[in-house]
Amino acid sequence: AEKRSSTITREWENRVPAIVSTQRDIEVFKQKFGGLQVRSCLDVPYSVGIVSVHSTESDAYSDQDVEEVKQVSEILSIGLTRMFDLEAVENRTRDLAESESKFRSLVEHATDVIMNVDRSGRISFINFPAPDMTLDEMIGTTLYDHTEAELHTAVDQCLGRVFTSQQSESIE
């Protein structure tokens, strides 16, 4: 049985079809798979396993049979690869949604004001509105709309440093 497993493994790794029809191999197969009445076995490897076709007839598989099973194996490989790719995308999407939810909760419950602004100071996100304003009213306004005129130069310089260094900064 050990030799059979290693042969199957080699066949799978090398993507080589194997026709099992010797009496010794068939006996190993029967022992391994519960005494099935098999006299020929065609194993064709594909990306995640082996397509195995069994027959009660000796020498049941032709070269054409091997080619047809290889084609089916390729189709299975493509389909399963796509399925695994979709599962990976679904997992990444779920992980991203969880991360976004945690981040949003953190930002919305922070005691400091956190905002996203563009280079002109236009607000695209803010976690706390200014007094007498709603969050929706704040979005689209600029930092300059909410600061005294004498601070506009400091705001402008701060924005320049933030976009140059890509580091957060604050003005008190």
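To start, this report covers the structure provided alongside it.

The rules behind each value
Residues numbered from 1 in each chain as written. Predicted model: local features only at pLDDT ≥ 70, side-chain atom pairs only at ≥ 80, totals over all residues. Heavy atoms only, no water. Helix = DSSP H or I, 4+ residues; strand = E, 2+ residues; numbered from the N terminus. Buried < 20%, exposed > 50% of the residue type's maximum accessible area, 1.4 Å probe, protein only. Contact = heavy atoms within 4.5 Å. Areas by Shrake-Rupley, 256 points an atom, 1.4 Å probe, with all protein chains shown as cover. 1 Å grid on protein atoms, 1.4 Å probe; cavity = no way out; pocket = protein on both sides within 12 Å on 5 of 7 lines; lining within 4 Å. Points joined across faces, edges and corners; volume = space filled by probe spheres on them. Nonpolar A, V, L, I, M, F, W, Y, C, P; charged D, E, K, R; others polar. Patch = residues over 30% accessible without salt bridge, like charges linked within 9 Å, V, L, I, M, F, W, Y side chains within 5 Å. Salt bridge = Lys/Arg side-chain N within 4 Å of Asp/Glu carboxyl O. Pairing = 2+ DSSP bridges.

## Description of the overall build of the protein chain
Of regular secondary structure, the protein chain possesses five helices and five strands. Shown N-terminal to C-terminal, the secondary structure of the protein chain runs as helices and strands in the order α-β-α-β-β-α-β-β-α-α. Across the 172 residues that make up the protein chain, the buried fraction comes to 23%. Taking as baseline every contact in the protein chain between residues at least 6 positions apart, the subset at least 24 positions apart corresponds to 31%. Carbon and sulfur atoms form 53% of the exposed surface of the protein chain, whose accessible area is close to 12,300 Å².

## So, the layout of surface pockets
In this structure, the largest pocket spans a volume of roughly 1,000 Å³. Lining the largest pocket are 26 residues, and of these Val113, Met115, Leu143, Glu169 and Ser170 sit closest to its centre. Elements that contribute at least two residues to the lining of the largest pocket include exactly β4 (115–117), β5 (123–126) and α5 (152–165). Here the element with the most residues in the lining of the largest pocket is α5; it accounts for five residues. Along the lines of polarity and charge, the residues of the lining of the largest pocket split into 18 nonpolar, five polar and three charged.

## Some words on unusual backbone geometry
For aspartate 132, which is not glycine, the phi dihedral falls at a positive 65°. Within the secondary structure, aspartate 132 is located in the loop between β5 and α4 (135–138). Of note, glutamine 166 is a non-glycine position whose phi angle comes to about 60°, a positive value. Checked against the element boundaries, glutamine 166 lands in the segment after α5. Judged by relative accessible area, which is 69%, glutamine 166 ranks as exposed.

## Examining a nonpolar patch on the surface
Taken together, Val48, Met83 and Phe84 make up a surface patch of nonpolar side chains, about 250 Å² in accessible area. Mapped onto the secondary structure, valine 48 falls in the loop between β2 (40–46) and β3 (49–55). Owing to a relative accessible area of 42%, valine 48 belongs among the partly exposed residues under this scheme.

## What to know about the pairing of β5
Examined bridge by bridge, β4 and β5 share three bridges and lie antiparallel to one another. Looking across to β5, one finds that valine 117 is bridged to isoleucine 123. Here β4 folds back onto β5, and the loop between the two strands holds five residues, one of which, glycine 121, carries a positive phi near 90°.

## Here we look at the pattern of salt bridges
Applying the stated criterion across every chain yields a total of five salt bridges. Where aspartate 95 meets arginine 94, a salt bridge forms, and the shortest distance between an N and an O atom there is 3.9 Å. We classify aspartate 95 as partly exposed; its relative accessible area is 42%. Given the relative accessible area of 44%, arginine 94 is considered partly exposed. A salt bridge links arginine 161 to glutamate 169; the nearest nitrogen and oxygen atoms lie 2.4 Å apart. Assessed through its relative accessible area of 38%, glutamate 169 is described here as partly exposed. Salt bridges sharing partners connect three or more residues here, namely Glu100, Arg104 and Glu108.

In short, geometric facts, not functional conclusions.
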